[in-house]
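# Descriptive analysis of the structure
So you can see what is in the structure, the chains are spelled out below.
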Amino acid sequence: MTSTSATEAFDAAERTMWSGRSEAYAGSFARLCAHPVRALLDAAGIAAGTRVLDVGTGTGTAALAALARGARVSAVDADAGMVADDKGRRENQVSAVAKLPNSRIVITA
């Protein structure tokens, strides 16, 4: 198990690395990451009514694709700039959070 200090250090490094870089991300890495989205959603069986939680959504590419399929999507990213650029993202439960709570996540089929 990872220690809290190591987890916090990783979190701080990630936040520093991505802070203020949403435009550069959207114009480069986001496009690269968009290519497997259809296959990812197909493999996960995402369809109308499916509930999706996208943590670390970035610019919301996968979350918006799931929404287009009729899924019920909640998506979050630590950097507000990643999700603030598009009105559709803000209107569809794609938002920035400072920190996710330490929670147990139970996945049921």
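Relevant structure appears above.
Structural notes, computed from the coordinates. Counting of residues starts from 1 at the beginning of each chain's written sequence and follows it residue by residue. Note on the predicted model: pLDDT of at least 70 is required for a residue's local features to be given, and 80 or more for side-chain atom pairs to be given and counted; whole-chain, interface and lining totals, by contrast, use all residues. Note that the side-chain values use all heavy atoms of the structure and ignore hydrogens as well as water.

## Here's the deal with the environment of Asp42
Under the convention used in this document: Helical segments are the DSSP runs of H or I of at least four residues, strand segments are the runs of E of at least two, and each set is numbered from the N terminus. Think of it in three bands: with a 1.4 Å probe and only protein chains considered, a residue is buried below 20% of the maximum accessible area for its type, exposed above 50%, and partly exposed in between. Pairs of N or O atoms are called polar contacts if they sit within 3.5 Å, as long as, within protein, a hydrogen donor faces a hydrogen acceptor (for residues adjacent in sequence, only side-chain-to-side-chain pairs).
Looking at the secondary structure, you find Asp42 in helix H4 (residues 37-43). Judged by relative accessible area, which is 48%, Asp42 ranks as partly exposed. Side-chain polar atoms of Asp42 contact the side chain of Arg69, separated by 2.7 Å.

## So, the nonpolar core
Nonpolar side chains tend toward joint burial in soluble globular proteins. Selection rule: Take the buried Ala, Val, Leu, Ile, Met, Phe, Trp, Tyr and Cys residues and link them wherever side-chain atoms come within 4.5 Å; each set so joined is a nonpolar core. Contacts were defined at the residue level, with two residues in contact if any of their heavy atoms lie within 4.5 Å.
Val37, Leu41, Ile46, Val52, Ala62, Ala63, Ala66, Ala71, Val73 and Ala75 together form the largest nonpolar core, which totals 10 residues. When residues of this core are traced back to their parent elements, those giving at least two are H4, helix H5 (61-68) and strand E2 (72-77). The dominant element in this core, judged by the number of residues it contributes, is H5, at three residues. Not counting residues up to four positions away in its chain, the partners in contact with Leu41 are Ile46, Ala62, Ala65, Ala66 and Arg69.

## Quick look at H5
Quick reminder of the rule: Directions are taken from the helix axis to each C-beta atom, and the arc is the one they span.
Considered for burial, the residues of H5 that qualify are Ala62, Ala63 and Ala66. Viewed along the axis of H5, the buried residues span an arc of 100 degrees, placing them on a single side of the element. Looking one or two residues beyond H5, the residue adopting positive phi is Gly70, at roughly 90 degrees.

## Points about the packing of aromatic side chains
The cut-off we apply is this: Each aromatic pair joins two rings of Phe, Tyr and Trp (for Trp, the six-membered one) with centres within 6.5 Å, and gets the label stacked for planes under 30 degrees apart, edge-to-face for over 60, and tilted for any other angle.
The final tally for this structure, using the stated rule, is two aromatic pairs. Look at Trp18 and Tyr25: their rings are 5.3 Å apart centre to centre, the planes differ by 90 degrees, and that puts the pair in the edge-to-face class. According to the relative accessible area criterion, Trp18 is partly exposed, its value standing at 28%. Judged by relative accessible area, which is 12%, Tyr25 ranks as buried.

## Details of the environment of Asp11
Within the fold, Asp11 resides in helix H1 (residues 4-18). Sequence-wise, Asp11 and Ala78 are 67 residues apart; in three dimensions their C-alpha atoms are separated by 9.4 Å.

## Topic: the pattern of salt bridges
Any two side chains of opposite charge can pair, so long as their charged atoms come close to each other. To keep things clear, this is the line we draw: A side-chain nitrogen of Lys or Arg and a carboxyl oxygen of Asp or Glu constitute a salt bridge if their distance falls within 4 Å.
Under the defined criterion, the tally for this structure stands at one salt bridge. One salt bridge in this structure joins Asp42 and Arg69, with 2.7 Å as the shortest N-O distance. With Asp42 in helix H4 and Arg69 in the loop between H5 and E2, the pair connects residues that are 27 residues apart, well separated along the chain.

## Some remarks on the pairing of E2
Quick note on the threshold: Pairing between strands is defined by DSSP: at least two bridges between the two strands are required. When the strands point away from the viewer and the path from the first strand over the helix to the second turns clockwise, the crossover is right-handed.
In the sheet, strand E1 (residues 51-55) pairs with E2 via five bridges, with the strands oriented parallel. Looking at E2, one finds that Arg51 is bridged to Arg72. In this fold, the crossover linking E1 to E2 by way of H5 has right-handed handedness.

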